[in-house]
Amino acid sequence: MCRCLHVSPSGYYAWESRPPSRGSLENERILTRIRQIHEDSRGVIGAPRMCEDLRDEGEAVSLNRVARIMAANQLQGWPRKKGRGYKRDAIRPQGVEDHLRRNFFATEPETKWVTDITELACDEGKLYLCVVLDLYAKVVVGWSMQIRQDRQMVMRAVEKALGQRENTAPVILHSDRGPQFTSADYQKLLRRHGLLSSMSRVGHCGDNAACEGFFGLLKRERTRQKKYRTRAEIRADVFNYIERFHNPRMQRRVAKLDNEFTSLLNRP
């Protein structure tokens, strides 16, 4: 074998008896944690989000290193499904503008919220989900599910978000121009609780990209992997994803960033 590979026998035996390098041992340690995170996410997290999670835990890793380790061990995330759609014309209520203007960055909680509706399917039929997302931590602060996507479902999600509200400072609540959001009852609810209604332009789904991005994660990481028999199964799985996976993960990330920012401010 050494003769065919043009390697000296002494070199081969030296390589065989050589202990693992520091880099190999470090990769094995990182791989152990990658397997744990991958299993906890039910196999949906790919290299980019895996790298973010490891960095949040204090690991000094690059995206290329994480991708290389995952590829060598046949670990991969759930691919994103691409699609196309359209949005029919709708009229903004008088006095409502696009106050967000695609600025999805918030420096404080309860300053910018976004909301939208998505459709989930099972053997019994369709079920609609409405969420209210806080742009500061990307945490779902309110959500509701119903067979019909009417204004009552949207208002219930907003009311749940208001129930978790800790102050009365003005909050921008951004949505598209769906009839649920342009309804008089919905607009009255926002005015009664000091929420500033903001609406996207017609045909510009990027105006509400933050909420669309959350729905993309929900479907890619959870609902598209399963076939649900009943609406009750969808409700239980969505609750598990939002309350036990997504929200705790986002809260840990924001807490880590807040601690790092505070330590920088306290440096002499």
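To be clear, the structure that these remarks concern was listed above.
Rules of the game
Residues numbered from 1 in each chain as written. Predicted model: local features only at pLDDT ≥ 70, side-chain atom pairs only at ≥ 80, totals over all residues. Heavy atoms only, no water. Helix = DSSP H or I, 4+ residues; strand = E, 2+ residues; numbered from the N terminus. Expected span 1.5 Å × (residues − 1). Buried < 20%, exposed > 50% of the residue type's maximum accessible area, 1.4 Å probe, protein only. Pairing = 2+ DSSP bridges. Axes fitted to C-alpha atoms, helices over the stretch in contact; angles between N-to-C directions. Contact = heavy atoms within 4.5 Å. Patch = residues over 30% accessible without salt bridge, like charges linked within 9 Å, V, L, I, M, F, W, Y side chains within 5 Å. Areas by Shrake-Rupley, 256 points an atom, 1.4 Å probe, with all protein chains shown as cover. Salt bridge = Lys/Arg side-chain N within 4 Å of Asp/Glu carboxyl O.

### Considerations on unusual backbone geometry
Link 1 in the chain: Phi is positive for His-6, close to 60 degrees, though the residue is something other than glycine.
Link 2 in the chain: You can see His-6 is positioned in the loop between helix 1 (2-5) and helix 2 (9-17).
Link 3 in the chain: If you check the backbone angles, Arg-101 has positive phi at about 50 degrees while not being a glycine.
Link 4 in the chain: Assignment of secondary structure puts Arg-101 in the loop between helix 5 (63-72) and strand 1 (112-122).

### Side note on helix 9 (residues 209-221)
Link 1 in the chain: Its 13 residues place the ends of helix 9 18 Å apart at the C-alpha level, agreeing with the 18 Å of an ideal helix rising 1.5 Å per residue.
Link 2 in the chain: Within helix 9 the residues assigned to the buried category are Ala-210, Cys-211, Phe-214, Phe-215, Leu-217, Leu-218, Lys-219, Arg-220 and Glu-221.

### Topic: the sheet that holds strand 2 (residues 125-134)
Link 1 in the chain: The sheet built from five strands is open, its strands ordered 3-2-1-4-5 with mixed pairing. Because the sheet does not close on itself, it has two edges, and the strands there are strand 3 (139-146) and strand 5 (195-199). Neighbour-to-neighbour, the strand axes of this sheet turn through a mean angle of 25 degrees, independent of strand direction.
Link 2 in the chain: Here helix 6 (residues 151-163) sits on the sheet and contacts strand 1, strand 2, strand 3, strand 4 (171-175) and strand 5; the angle it forms with strand 3, its principal contact strand, is near 150 degrees.
Link 3 in the chain: Contacting strand 1, strand 2 and strand 3, helix 9 runs over the sheet at an angle of about 35 degrees to strand 1.

### Regarding a nonpolar patch on the surface
Link 1 in the chain: A grouping of Met-1, Leu-5 and Val-7 is seen on the molecular surface, where their side chains present a nonpolar patch of about 320 Å² in accessible area.
Link 2 in the chain: Turning to its location among the elements, Val-7 is positioned in the loop between helix 1 and helix 2.

### Some points on the pairing of strand 5
For a regular strand, side-chain orientation follows a simple rule: the groups alternate between the two sheet faces.
Link 1 in the chain: Taken across its five residues, strand 5 has four buried, putting it largely inside the fold.
Link 2 in the chain: By the bridge criterion, five bridges tie strand 4 to strand 5 in an arrangement that is parallel. Its bridge partner lying in strand 5, His-174 is registered against Ser-198.

### Let's talk about the pairing of strand 3
Link 1 in the chain: The buried fraction of strand 3 is high, at eight of eight residues.
Link 2 in the chain: Pairing geometry for strand 2 and strand 3, over seven bridges, is antiparallel. Residue pairing in the sheet places Tyr-128 in a bridge with Gln-146 of strand 3.
Link 3 in the chain: Counted along the chain from strand 2 to the antiparallel partner strand 3, the turn is four residues long, and its residue Lys-138 has a positive phi close to 60 degrees.

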